[in-house]
Amino acid sequence: MSVHLQGLYPSNSSVAFRAPILSSWPGKCRRIGSQMRYLLEHLNLRNQPPISPYPPRPPPCRFAFWCLVFQHGHHPSWITFHPKDRSLVFTGLEQADGKILALKYNAQGEGRVVAEAPSGGADPCSLHATDDDLLIANYSSGRVSVLPISVDAPYILTQTPITTQLSGAGPRLDRQTAPHPHHVYPVGNRILVPDLGGDRVYTFEKKAGAWRPTESLEHEAGSGPRHVACYNGVLYTLLELTSSLSAHRSGVLINTVPTMLNPPPLPNDMLAAEILIPSVNTSFPRPFIYVSNRNDPSPEGDFISIFDIEDNGAAKLVKEVRSGLKHARGMQFGGPDDKWLVVGGALGGGVKVFQRTNGGKGLEEVASSTEATDSPTGFLWM
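Residues numbered from 1 in each chain as written. Predicted model: local features only at pLDDT ≥ 70, side-chain atom pairs only at ≥ 80, totals over all residues. Heavy atoms only, no water.

1. A word on the overall build of the protein
Quick reminder of the rule: Here a helix means four or more residues in a row that DSSP labels H or I, a strand means two or more in a row labelled E, and each is numbered from the N terminus. Remark: exposure states derive from per-residue accessible area (1.4 Å probe, protein chains only) relative to the maximum for the residue type, with buried under 20%, exposed over 50%, and partly exposed in between.
The helix and strand inventory of the protein stands at zero helices and 28 strands. Going through the 382 residues of the protein one by one, you find that 56% of them count as buried.

As C-alpha cells, then:
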C-alpha cells in the first residue's frame, strides 16, 4: 500500500511528498480504500504573533495535508522519479521475488501502475533512474540490476534485467554473511553502491552500453556501509552497524565520527539510517550533513544529527535534534531552497516536517500527522 500526501503553503506554492506504507504489519495499516481522499489536520502554528486589528501581518506558515491511498503491492520502499518526467515514478517491492513498478501520476495526484518487471533479485531496497536505465540494489540476493526504461510507454522495456552479482562478507555473522547492496547513488556519470554485507562501496560505470563495477573502496570491517552522499569531492559513508560517518577524498580516509554525541557501547540496536547533503543556496550558503538515527529508547524519539563540514572535508557533529519519531528511517528535503525536511517514523510517530533554522544548523518542527500512514519509509517532493 502507498500514500500520496499533498502539502499546501501560504505562498500559494505547493509541494507534495509520497510515502510508501509497509503493508506487512497486520493491524497497523489503515483500511482506507483504493482511492479515498481525506483531509489531515494542520499542526504546529507555534510562535504566532498576538491577535491585533492592525497592522496586518502575514499568515503563519502552516501545512494542510490530504492524501490519496492506493494498493501497490507488498512493501513498496524506495521511490524515484524519471529525470525527464516527474509524474513517472518507480518503486521496488521488497519481497523474495523482487518486483519493480512504474507509476504514472496525474495533476490531481492520482496514480496508477503502468508497468512492472522483476527486479533481478530479492528485496530491492534502492533505485536510481537515468534517462535510459533504472539501477536497482537488491539487498538480500546481493545483486545490482539494470532495467532499460523510457519516459514513454511501455516505460519498462524488458522483463529480463541485467544483473551483477557482488561477492564478499564481513565479520558480523548476524548481518554480513553475504553481500547486501543498500543504496544506488549517482555521482556524475558514475553510480556508487554501498555494500553493507561486504564493507565496501562500489563504483559502477556504463561502458559499451553496460553498467559494470570498476572499483571499490574498502571500509572498516564490520562497519556496514548503508548509504552515501558526496560534497566537494568528498565521499561521506553512513556506516549502519557502527552508527558512524566516514569521510574519504580520493580513497583516502579523512575521519570517522559517531552519528551520536553519546553513542552506547557496540554492538547495539541504535542504527544509523539516512544521510542527506542538500545543495547550498542563497538561503543556506553553508553545507551541512543530516543523518537519521533509529531505535533510540528515549520517549522523545530518535535523533536527527547535523554535521558541519570542515575545510579539509572532515565531518563534525554539531547538533542533535529529537524527532519524536520511532525508527526514523527515511527523510527528504524539499520546498523553496530545500528549507523543509520531511521525516517518517516507521515504528511510530507518523510523518513530520521540519524547517531548517540557524542557517541550516538547526531544525524546528512545523507540521506532523499520524493519520497518513503507519509505516512511512520514503518520500518524494513532487
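2. With respect to the sheet that holds strand β8 (residues 111-118)
Counted only if it meets this: For two strands to be treated as a pair, DSSP must find at least two bridges joining them. Only the contacting stretch of a helix is used when fitting its axis, a line to C-alpha atoms as for every element, and angles between N-to-C directions run 0 to 180 degrees.
Reading across from one edge, β5-β6-β7-β8 is the order of the four strands in this open sheet, with antiparallel pairing throughout. Single-partner strands in this sheet number two, and they are β5 (76-82) and β8. Strand-to-strand twist in this sheet, taken as the mean axis angle between neighbours without regard to direction, amounts to 25 degrees. One ladder, built from seven bridges, connects strand β7 (residues 99-105) with β8; its direction is antiparallel. Within the sheet, the bridge partner assigned to Lys104 lies in β8 and is Arg112.

3. Details of the sheet that holds strand β18 (residues 234-239)
Here four strands make up an open sheet; going across it, the order is β17-β18-β19-β20 and the pairing antiparallel. Edge positions in the open sheet fall to β17 (225-231) and β20 (252-258), since each of these has one partner strand only. Taken over all neighbouring pairs, the strand axes of this sheet differ in orientation by 20 degrees on average, direction set aside. By the bridge criterion, six bridges tie β18 to strand β19 (residues 244-249) in an arrangement that is antiparallel. Paired with Thr237 across the bridge in β19 is Ser246.

4. Observations regarding the pairing of strand β14 (residues 190-195)
Regular strands place side chains that alternate from one sheet face to the opposite one. With five of six residues buried, β14 lies mostly within the body of the structure. Sheet topology places strand β13 (residues 185-187) next to β14; three bridges connect them, and they run antiparallel. The residue of β14 that forms the bridge with Pro186 is Ile191. In this antiparallel pair of consecutive strands, β13 and β14, the connection spans two residues, and Gly188 shows a positive phi of 60 degrees. In this sheet, strand β15 (residues 200-207) lies alongside β14 in antiparallel orientation, the contact comprising six bridges. Along β15, the bridge assignment pairs Asp195 with Arg200. Counted along the chain from β14 to the antiparallel partner β15, the turn is four residues long, and its residue Asp199 has a positive phi close to 55 degrees.

5. Some details on unusual backbone geometry
Ala153 connects to Pro154 through a cis peptide bond whose omega is 15 degrees. Along the polypeptide, Pro154 turns up in the loop between β11 (143-148) and β12 (162-165). Here the residue pair Leu266 and Pro267 is connected by a cis peptide bond, since its omega of -10 degrees sits within 30 degrees of zero. Within the secondary structure layout, Pro267 lies in the loop between β20 and β21 (272-276). In this structure, Asn232 is a non-glycine residue whose phi angle is positive, near 55 degrees. Mapped onto the fold, Asn232 is located in the loop between β17 and β18. For Asn232, a relative accessible area of 61% puts it in the exposed group.

6. Side note on the pairing of β19
Most of β19 sits inside the fold, with five of its six residues counted as buried. Following β18, the chain reverses through four residues before pairing antiparallel with β19; Ser243 in that reversal takes a positive phi of roughly 45 degrees. Between the antiparallel neighbours β19 and β20 lie two residues, among them Ser250 with a positive phi of about 55 degrees.

7. Remarks on the nonpolar core
Buried together is how nonpolar side chains tend to be arranged in soluble globular proteins. We apply this condition: In this description, a nonpolar core means a group of buried Ala, Val, Leu, Ile, Met, Phe, Trp, Tyr and Cys residues linked to one another through side-chain atoms lying within 4.5 Å.
Membership of the largest hydrophobic core comes to 22 residues, with the highest contact counts inside it found for Tyr236, Leu245, Ile275, Ile289, Phe307 and Ala315. Looking at this core, the elements with two or more residues in it are β17, β18, β19, β21, β22 (288-293), β23 (303-309) and β24 (315-322). No other element matches the four residues that β18 contributes to this core. If you look at the next biggest cluster of nonpolar residues, it comprises 15 residues, including Leu135, Val146, Leu196 and Phe204.

8. Quick notes on the pattern of salt bridges
The condition is simple: Whenever a carboxyl oxygen of Asp or Glu lies within 4 Å of a side-chain nitrogen of Lys or Arg, that contact is scored as a salt bridge.
Within the structure shown, the criterion is met by 14 salt bridges. Asp133 is paired through a salt bridge with Lys206; the nearest N and O atoms lie 2.6 Å apart. Placement of the pair is Asp133 in strand β10 (residues 133-138) and Lys206 in strand β15, with a sequence separation of 73 residues. With a relative accessible area of 8%, Asp133 lands in the buried category. In this structure Lys206 comes out as partly exposed when scored by relative accessible area, which is 37%.

9. Here we look at the side chain of Ser305
Formally: Within 3.5 Å is the distance limit for a polar contact, defined as a pair of N or O atoms, with the added protein rule that one can donate a hydrogen and the other accept it, and that residues adjacent in sequence qualify only through two side-chain atoms. Residues count as neighbours in contact if any of their non-hydrogen atoms are within 4.5 Å of one another.
Tracing the chain through its elements places Ser305 in strand β23. Within polar-contact distance, the side chain of Ser305 engages the side chain of Asn293 at 3.1 Å. Each residue touching Ser305, except ones within four places of it in the same chain, is listed here: Thr259, Ile289, Tyr290, Val291, Asn293, Leu317, Lys319 and Glu320.

10. Notes on the packing of aromatic side chains
Rules: Two rings from Phe, Tyr or Trp (for Trp, the six-membered ring) form a pair when their centres sit within 6.5 Å of each other. Planes less than 30 degrees apart are called stacked, planes more than 60 degrees apart edge-to-face, and all others tilted. Each ring is checked for a lysine NZ or an arginine CZ that lies within 6 Å of its centre and within 35 degrees of its normal; such an atom marks a charge sitting over the ring.
Under the counting rule described, the total for this entry stands at one aromatic pair. With centroids separated by 4.8 Å and ring planes inclined at 65 degrees, the aromatic side chains of Tyr290 and Phe333 adopt a geometry described as edge-to-face. Here Tyr290, found in strand β22, pairs with Phe333, found in strand β25 (residues 326-334); they are 43 residues apart in sequence, far enough to count as distant. For Phe333, a relative accessible area of 8% corresponds to the buried category. Its guanidinium or amino end placed over the ring of Phe303, Arg322 lies 3.8 Å from that ring's centre, counting from NZ or CZ. The ring of Phe284 carries the charged tip of Arg356 above its face, separated from the ring centre by 3.8 Å.

Function-wise, these values are silent; they only describe arrangement.
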